[in-house]
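Below are the chains, spelled out letter by letter.
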Amino acid sequence: MQIEGYKIQEYNNDHLKHHRHRFEFASSLASNIESIISKLVDFQVAIPSWALGAGGTRFGRFSGGGEPRNLEEKIEDVGLLHALNGSSGAISLHIPWDIPDDASAIKTLAAQLGLRFDAVNSNTFQDQASQPLSYKFGSMQHVNKEVRKQAIDHNIEVIKQGKALGSESLTVWLSDGSSFPGQLNFRKAFQNTLESLQEVYSELPSHWKMFVEYKAFEPNFYSMTVGDWGQSLLYATKLGRQAYTLVDLGHHLPNANIEQIVSLLLMEGKLGGFHFNDSKYGDDDLTVGSIKPYQLFLIFTELIDGMDYRGMNHAIDLAWMIDASHNIKDPLEDLLQSVEAILIAYTQALLVDKKLLEEARLNNDVVRAQEILQDAYRTDVRPIIAEARLRSGAALNPLQFFRQIKVREELIKDRGSKTVATGL
Ligand code: LRH
Ligand code: MN
């Protein structure tokens, strides 16, 4: 399903007067409104190919119908999101869930929809039917060299797939670890994993990045072999300049100070990117900003501070990706809400008066520092984001327009109510 540009224009025209009124006020709150809007227009979030259908848990999966049946339809759905919000201009594929039959045809289709390919993801956390050796006891950490070689070969194959699509980065998330004390020699598991990652790293094209994604627990529940930011940083540092850590917001132990982790990883020049989502307990993969929007704002304040400290380009020097699972919401509506929450946190953080904040810190004026932060956080920046969308030809309110033109109903008519997308 494609949305004609003129339909979006018509919708925007019907809502222009109301928007102008709200934008006029919002823009009066920011001294640097034009630079904020151009940053928003450039800021693109990658959509995970594995989250375009309903997600589930071991207890159940409830499909809403009209799910993409193949990679082409997944790319069409991301194209639809991008037409609606102008900020979803990339897709992140998971191999083997999304192996293209014809990479150049897929690349052309994506380009026609204004999409590029962000990081490709390997998968050594499931046994594929054709796979000779099992990953039951891990992949790159495995005591058996043949299993490690199988995982290495898979990651090298994923790089090959990515190159054919124009991707320039590989995300390695390893489910490796142990579930019982005594099960694993932690040192050997680390050394096997590092040695295996080094073999994959040596196959990276010179301009590619490798993202080492850490996770505190699940599917192992005693130790994870890439269990926290420190371990991921150790791997990325030992691997070399093309290796970085990847921060999935749901992969931390309760109450971890993620904004401090982000600040230090940026300081070290070893932060590669994000998997945005939200959670209350574990790796819940909920809608971004739906549970802890203030934490997301604080993370973006550290991101902007750290990226400006290093002279990094906000739009392209980090990988902005969503990694969520839609158990009860419409996947496309959930993704529209997530992209909006990311842009809101980014815009609020851009409103923080960094000079005044630093002054308050130097005077140990804790109250003033909090007031400066929360003044920005308590600013309704949605009209500013809507203005950025208006200027990039997208819909003033993507979710409202998505429902108004009955996208899900159309997709169910086209694809049926029982289709199931590959993914989690
Ligand atoms: C692991 C993870 C990883 C993906 C998977 C779909 O929890 O976050 O990024 O490979 O989800
Ligand atoms: Mn992730």
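Residues numbered from 1 in each chain as written. Chains lettered and ligands numbered in written order. Predicted model: local features only at pLDDT ≥ 70, side-chain atom pairs only at ≥ 80, totals over all residues. Heavy atoms only, no water.

### Quick notes on the coordination of the manganese ion (ligand 2)
Right, on to step 1. All of the protein donors around the manganese ion (ligand 2) are E213 (OE), D248 (OD), H275 (ND1) and D323 (OD); their distances to the metal are 2.1 to 2.2 Å.
Right, on to step 2. One way to put it: the 6 donor atoms around the manganese ion (ligand 2) meet at angles of 71 to 168°, and that makes the site octahedral.
Right, on to step 3. Mapping the donors of the manganese ion (ligand 2) onto the primary sequence gives the spacing E-x34-D-x26-H-x47-D. You can see E213 sitting in strand 9 (residues 209-213) and its partner D323 sitting in the loop between strand 13 (319-322) and helix 10 (331-350), a full 110 residues away along the chain.
Right, on to step 4. What makes E213 buried here is its relative accessible area of 3%.
Right, on to step 5. Residue D323 is classed as buried on the basis of its relative accessible area, which comes to 9%. (Donors = N, O, S within 2.8 Å, 3.2 Å for Na, K, Ca; no water. Tetrahedral: all angles 85-135°; square planar, octahedral: opposite > 155°, others 65-115°. Helix = DSSP H or I, 4+ residues; strand = E, 2+ residues; numbered from the N terminus. Buried < 20%, exposed > 50% of the residue type's maximum accessible area, 1.4 Å probe, protein only.)

### Digging into the site of ligand 1
Right, on to step 1. Around ligand 1 sit W50, H94, F125, W173, E213, K215, D248, H251, H275, D283, D323 and L424, and those are all the residues in its vicinity.
Right, on to step 2. Residue D248 places a side-chain N or O atom 3.0 Å away from an oxygen atom belonging to ligand 1.
Right, on to step 3. Within the complex, the protein chains bury 96% of what would otherwise be the 300 Å² of accessible surface of ligand 1.
Right, on to step 4. If you map ligand 1 onto the pockets, it falls in the largest pocket.
Right, on to step 5. Here the shell around ligand 1 is built from residues that sort into 4 nonpolar, 3 polar and 5 charged. (Near = heavy atom within 4 Å. Polar contact = N/O pair within 3.5 Å; in protein donor to acceptor, adjacent residues only side chain to side chain. Areas by Shrake-Rupley, 256 points an atom, 1.4 Å probe, with all protein chains shown as cover. 1 Å grid on protein atoms, 1.4 Å probe; cavity = no way out; pocket = protein on both sides within 12 Å on 5 of 7 lines; lining within 4 Å. Sits in = over half its atoms within 2 Å of the grid points. Nonpolar A, V, L, I, M, F, W, Y, C, P; charged D, E, K, R; others polar.)

### Topic: unusual backbone geometry
Right, on to step 1. Cis geometry marks the peptide bond from I95 to P96; its omega dihedral reads 15°.
Right, on to step 2. Here the amide bond leading from E218 into P219 is cis, since omega sits at 5°, within 30 degrees of zero.
Right, on to step 3. Summarising the element assignment, P219 is placed in the loop between strand 9 and strand 10 (223-224).
Right, on to step 4. Backbone geometry at E218 places phi at a positive 75°, although glycine is not the residue there.
Right, on to step 5. Relative to the helices and strands, E218 resides in the loop between strand 9 and strand 10.
Right, on to step 6. A relative accessible area of 34% means that E218 is categorised as partly exposed.
Right, on to step 7. Its identity is not glycine, yet K406 carries a phi of approximately 50°, on the positive side.
Right, on to step 8. Inspection of the secondary structure assignment puts K406 in the loop between helix 14 (398-404) and helix 15 (407-415).

### Observations regarding empty space enclosed by the protein
Right, on to step 1. In this structure the tally under the stated criterion is 3 cavities of 30 Å³ or more.
Right, on to step 2. In this model, the largest cavity occupies a volume close to 60 Å³.
Right, on to step 3. Looking at the largest cavity, it is lined by 13 residues, and the ones nearest its centre are W50, G53, A54, G55 and L424.
Right, on to step 4. Residues that form the lining of the largest cavity fall into these classes: 6 nonpolar, 6 polar and 1 charged.
Right, on to step 5. Taken as a whole, the second largest cavity spans an internal volume of roughly 50 Å³.
Right, on to step 6. Where the lining of the second largest cavity is concerned, the elements lending two or more residues are helix 2 (33-42) and helix 13 (382-391).
Right, on to step 7. Ranked by residue count, the leading element in the lining of the second largest cavity is helix 13, at 3 residues.
Right, on to step 8. In the lining of the second largest cavity, the residues fall into 5 nonpolar, 4 polar and 1 charged. (Points joined across faces, edges and corners; volume = space filled by probe spheres on them.)

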